[in-house]
Protein chains: 2
Amino acid sequence: MNDATLNMLGIAGSLRAGSYNLGLLRAAAGLLPPAVGLDIITLGDIPPYDADVQGQGDPAPVEDLKRRIIMADVLLIATPEYNYSIPGVLKNAIDWASRPPKTCCLRRKPVGIMGASSGESGTIRGQLALRQVFVFTDSLVMAQPELRVPNAGQKFDGQGVLIDEELRERLRAYLAALVEWTRLVGSI
Amino acid sequence: MNDATLNMLGIAGSLRAGSYNLGLLRAAAGLLPPAVGLDIITLGDIPPYDADVQGQGDPAPVEDLKRRIIMADVLLIATPEYNYSIPGVLKNAIDWASRPPKTCCLRRKPVGIMGASSGESGTIRGQLALRQVFVFTDSLVMAQPELRVPNAGQKFDGQGVLIDEELRERLRAYLAALVEWTRLVGSI
């Protein structure tokens, strides 16, 4: 552990403007421990992964994604669950990030996974599916605590702003734990 | 069982022009039982799933995908495994297909899953991840036989044409079993 500034990259798994998961990331920005910065990225510009395209070099949005992953000390992924698994949009971005050039940008990268859903499961299955992916990429996903947000419609307003005080405190504790995890296993 | 014509929709999980999985589907077209037709679709035109976009109606490529799924008696998915899971491109298409309008187009639809990879696992994990998705959509995935193709570089030529006689016979048997499954549990 030390006091160096730590850069967190927040990745939203949903493209919806009022996304609960984007809302979680925005709320996180105000709940960070000292000396931690949060950059947030959405994935709407990432093209569908195609090895033929990749062979000619990464498209600009992919290059930008990889650059921001490389610069980050830790990834904070906030994602809904679609059909008991990872949103295709998020998986597609990981597929790009895992490929050369710069294939190494996920390797040994600390990662936190959280998720909000309007239903009652709170993205349980989606989070487990995502953990499986990060086994292959050799990323360092924090095991505990987990942050699952069921019934998100009651915890965010119509613009995706977090309005639930109990969740805000759980999120604050989650972020503190993720920073501790990053200082333990990461390069900072 | 009956003798009605059966329409199979082949869906390729990879966008690469020389894709082994697209090659599997093309080979399948020549190995079908009598009175079975195979239409093949690739997913390069499907936009990233965005609930805000969906709220304004399905984009044309999504409408086309859903129409072809509805018209099919059975889906035959041939997909690589990316990062121990489903390619984001394929999952994104399923995310669209599972959403309203026409949310029901995957429900009780017979499905066959197969996959080829250049490595030794032959898409084992990717296929299991895909089965998990089809639990939510209530699709009827054939359990056995499974078709996994490891070391695909030895079984296809540079243009993705199947050149392995043993695999051709396994594929023929797989297709016969899938047709039998469709006649057993499907609407035909």
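No experiment lies behind these values; they were computed from the predicted model shown.

Calculation notes
- Residues numbered from 1 in each chain as written.
- Chains lettered and ligands numbered in written order.
- Predicted model: local features only at pLDDT ≥ 70, side-chain atom pairs only at ≥ 80, totals over all residues.
- Heavy atoms only, no water.
- Helix = DSSP H or I, 4+ residues; strand = E, 2+ residues; numbered from the N terminus.
- Rg over C-alpha atoms; globule rule 2.2 N^0.38 Å.
- Buried < 20%, exposed > 50% of the residue type's maximum accessible area, 1.4 Å probe, protein only.
- Contact = heavy atoms within 4.5 Å.
- Areas by Shrake-Rupley, 256 points an atom, 1.4 Å probe, with all protein chains shown as cover.
- Lys, Arg positive; Asp, Glu negative; His and termini not counted.
- Charge placed at Lys NZ, Arg CZ, Asp CG, Glu CD.
- Pairing = 2+ DSSP bridges.
- Expected span 1.5 Å × (residues − 1).
- Arc of directions from axis to C-beta.
- Least-squares fit on C-alpha atoms with pLDDT ≥ 70 in both.
- Axes fitted to C-alpha atoms, helices over the stretch in contact; angles between N-to-C directions.
- Parallel < 35°, antiparallel > 145°, perpendicular 65-115°, else oblique.
- Nonpolar A, V, L, I, M, F, W, Y, C, P; charged D, E, K, R; others polar.
- Phe/Tyr/Trp six-rings, centres within 6.5 Å; stacked < 30°, edge-to-face > 60°.
- Lys NZ or Arg CZ within 6 Å of the ring centre and 35° of its normal.
- Buried area = accessible area lost by both parts, 1.4 Å probe.
- Salt bridge = Lys/Arg side-chain N within 4 Å of Asp/Glu carboxyl O.
- Polar contact = N/O pair within 3.5 Å; in protein donor to acceptor, adjacent residues only side chain to side chain.

## Quick word on the overall build of chain A
Then, number 1: Per the secondary structure count, chain A includes 6 helices and 6 strands.
Then, number 2: For chain A, the succession of helices and strands along the chain, N to C, is β-α-β-α-α-β-α-β-α-β-β-α.
Then, number 3: On C-alpha atoms alone, chain A measures out to a radius of gyration of 16 Å, which is about the 16 Å that the 2.2 N^0.38 rule sets for 188 residues.
Then, number 4: Summarising its shape, the C-alpha atoms of chain A cover approximately 50 × 40 × 25 Å along the three principal directions.
Then, number 5: Buried positions account for 55% of the 188 residues belonging to chain A.
Then, number 6: Long-range contacts, defined here as pairs at least 24 residues apart, represent 79% of the contacts in chain A between residues at least 6 apart.
Then, number 7: About 7,800 Å² of surface is accessible on chain A, with carbon and sulfur atoms providing 52% of the total.
Then, number 8: Charge-centre separation for chain A: the mean point of 19 positive side chains lies 2 Å from the mean point of 20 negative side chains.

## Focus: the pairing of strand β4 (residues 110-116) of chain B
Residue and element names in this part refer to chain B.
Then, number 1: β4 sits mainly inside the fold: 7 of its 7 residues count as buried.
Then, number 2: Covered by surrounding structure in β4 are Pro-110, Gly-112, Met-114 and Ala-116 together with Val-111, Ile-113 and Gly-115, the residues of both alternating faces.
Then, number 3: Here β4 pairs with strand β5 (residues 140-141) via 2 bridges, running parallel. Following the sheet pairing, Val-111 is matched in β5 by Val-141.
Then, number 4: With 3 bridges connecting them, β4 and strand β6 (residues 147-149) associate as parallel partners.

## Overview of helix α3 (residues 60-71) of chain B
Residues and elements named next belong to chain B.
Then, number 1: Here α3 contains 12 residues, and its C-alpha end-to-end distance of 16 Å stays within 8% of the 16 Å for a straight helix at 1.5 Å per residue.
Then, number 2: Listing the buried residues of α3 in full gives Val-62, Leu-65, Lys-66, Arg-68 and Ile-69. Down the axis of α3, the sector holding all buried residues measures 165°, keeping them to one side. Pointing more than 90 degrees away from the buried face of α3 are the exposed residues Ala-60 and Met-71.

## Things to note about the relation of the copies chain A and chain B
Then, number 1: In the superposition of chain A on chain B (RMSD 0.0 Å, axial shift 0.0 Å), the rotation amounts to 180°. The symmetry that links the two subunits is that of a two-fold axis. Closest approach to the rotation axis among the C-alpha atoms of chain A is made by Gly-88 of chain A, whose C-alpha sits 2.1 Å away.
Then, number 2: A share of 100% of the interface residues of chain A reappears at the interface of chain B, consistent with the copies meeting face to face through the same patch.

## Focus: the packing of helix α4 (residues 88-97) of chain A against helix α4 (residues 88-97) of chain B
Then, number 1: Where α4 of chain A contacts α4 of chain B, the axes come no closer than 7 Å and their chain directions differ by 170°. Taken together, the axes of α4 of chain A and α4 of chain B lie roughly antiparallel to each other. Between α4 of chain A and α4 of chain B, the residues in contact are Gly-88, Val-89, Lys-91, Asn-92 and Asp-95 of chain A and Gly-88, Val-89, Lys-91, Asn-92 and Asp-95 of chain B, respectively.
Then, number 2: When grouped by side-chain class, the residues that make up the contact of α4 of chain A with α4 of chain B number 2 nonpolar, 4 polar and 4 charged.

## Let's talk about the packing of helix α1 (residues 20-29) of chain B against helix α6 (residues 165-185) of chain B
Residues and elements named next belong to chain B.
Then, number 1: Relative to each other, α1 and α6 sit at 70°, their axes nearing to 10 Å. With respect to each other, α1 and α6 are oriented roughly perpendicular. Here α1 contributes Leu-24, Ala-27 and Ala-28 to the contact with α6, which in turn contributes Leu-167, Leu-171 and Leu-175.
Then, number 2: Among the residues making up the contact of α1 with α6, the classes are represented as 6 nonpolar, no polar and no charged.

## Observations regarding the pairing of strand β2 (residues 36-41) of chain B
Then, number 1: One ladder, built from 6 bridges, connects strand β1 (residues 6-12) of chain B with β2 of chain B; its direction is parallel. Within the sheet, the bridge partner assigned to Leu-9 of chain B lies in β2 of chain B and is Asp-39 of chain B.

## Overview of the packing of aromatic side chains
Residues and elements named next belong to chain B.
Then, number 1: Applying the stated criterion across every chain, the model contains 8 aromatic pairs over all chains.
Then, number 2: Centroid distance Tyr-20 to Phe-156: 5.4 Å. Interplanar angle 35°. Geometry classified as tilted. Residue Tyr-20 is found in helix α1, and its partner Phe-156 is found in the loop between β6 and α6; the two are separated by 136 residues along the sequence.
Then, number 3: Judged by relative accessible area, which is 3%, Phe-156 ranks as buried.
Then, number 4: Its guanidinium or amino end placed over the ring of Tyr-84, Arg-125 lies 3.8 Å from that ring's centre, counting from NZ or CZ.

## Comments concerning the interface of chain A and chain B
Then, number 1: With 29 residues of chain A at the contact, the number on the chain B side is 29 residues.
Then, number 2: For the pair chain A and chain B, the two sides together bury roughly 2,500 Å², of which 56% comes from carbon and sulfur.
Then, number 3: Among the residues chain A hides against chain B, the three largest losses belong to Tyr-82, Asn-83 and Tyr-84 of chain A. Together they make up 26% of the total.
Then, number 4: For the pair chain A and chain B, the interface holds 0 salt bridges.
Then, number 5: Linking chain A with chain B are 14 residue pairs in polar contact (both at pLDDT 80 or more), by the criterion used here.
Then, number 6: Looking at the side of chain A that touches chain B, the elements with two or more residues in it are α2 (51-54), α4 and α5 (124-136) of chain A.
Then, number 7: Ranked by the residues each element gives to the side of chain A that touches chain B, the list is headed by α4 of chain A, at 6 residues.

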